[in-house]
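These are the residues of each chain, in order.
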Amino acid sequence: MTDAKVAIGIPYYRSVEGPTLLSCMHLSAISADAKIAMLPIGTSGCYIEDNRNGCIEYALNIEAKSDIRFTHFLWIDGDMIFPGDALIRLLGHDKDIIGANYRQRTPPYKHAGVYENRAINPLAPGLHKMIQMPTGLLLTRFDIYRKMGYPWFKPGLHSEPR
């Protein structure tokens, strides 16, 4: 895990919530102590897909201009609260894509992700295969973006393919 080089993307609209910043500071301290190299990347704007694409583009430009080669990309939304060891725990599972499922902020407060096995209790601990994974706290291998090409995130409504 000590060879992990993680770009951390925080796309936001107007601001990042205070508790999210405290969570990020805690994560940074614990991860740095574990010898994980990190680069925070923030993008701001009203279109989330543009912000997410901008984060990836920035990370790729850093790679092109330096000898840095990211192993992972950690997405953190500007309103998330998470434990300081979240990055270490996610890296420890050694998956291409892994993250946290959480409730939406508005009624009826459904979970943001969709489980492959719809009979799973969303509160059950452990790893579960997902059909759809929210990006609020999501770790991906960086090679995914190198292979895909721009745009990595496309605009669209929930009912439209992206």
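To keep things clear, this report deals only with the structure shown in the data block. (Residues numbered from 1 in each chain as written. Predicted model: local features only at pLDDT ≥ 70, side-chain atom pairs only at ≥ 80, totals over all residues. Heavy atoms only, no water.)

Attention now goes to helix H2 (residues 48-65). Here H2 contains 18 residues, and its C-alpha end-to-end distance of 26 Å stays within 8% of the 26 Å for a straight helix at 1.5 Å per residue. When H2 is considered as a whole, its buried residues turn out to be Glu49, Asn51, Arg52, Asn53, Cys55, Ile56, Ala59 and Glu63. (Helix = DSSP H or I, 4+ residues; strand = E, 2+ residues; numbered from the N terminus. Expected span 1.5 Å × (residues − 1). Buried < 20%, exposed > 50% of the residue type's maximum accessible area, 1.4 Å probe, protein only.)

The next point concerns the environment of Ile88. Topologically, Ile88 is positioned in helix H3 (residues 86-92). The exposure class assigned to Ile88 is partly exposed, which follows from its relative accessible area of 21%. Separated by 46 residues in the primary sequence, Ile88 and Pro134 have C-alpha atoms spaced 19 Å apart.

Now for helix H1 (residues 18-33). With 16 residues, H1 extends 23 Å from end C-alpha to end C-alpha; this agrees with the ideal 22 Å at 1.5 Å per step. Where H1 is concerned, the buried positions are Thr20, Ser23, Cys24, Leu27 and Ser31. For H1, the arc enclosing every buried residue in end-on projection is 100°, short of the 170-degree limit, so these residues lie on one face. Exposed side chains of H1 directed beyond 90 degrees from the buried face belong to Leu22, Met25 and Asp33. The inward-facing, buried residues of H1 contact strand S1 (5-12), strand S2 (37-44), strand S3 (72-76) and H3. Remark: Lys35 follows H1 within two positions and exhibits a positive phi of approximately 65°. (Arc of directions from axis to C-beta. Contact = heavy atoms within 4.5 Å.)

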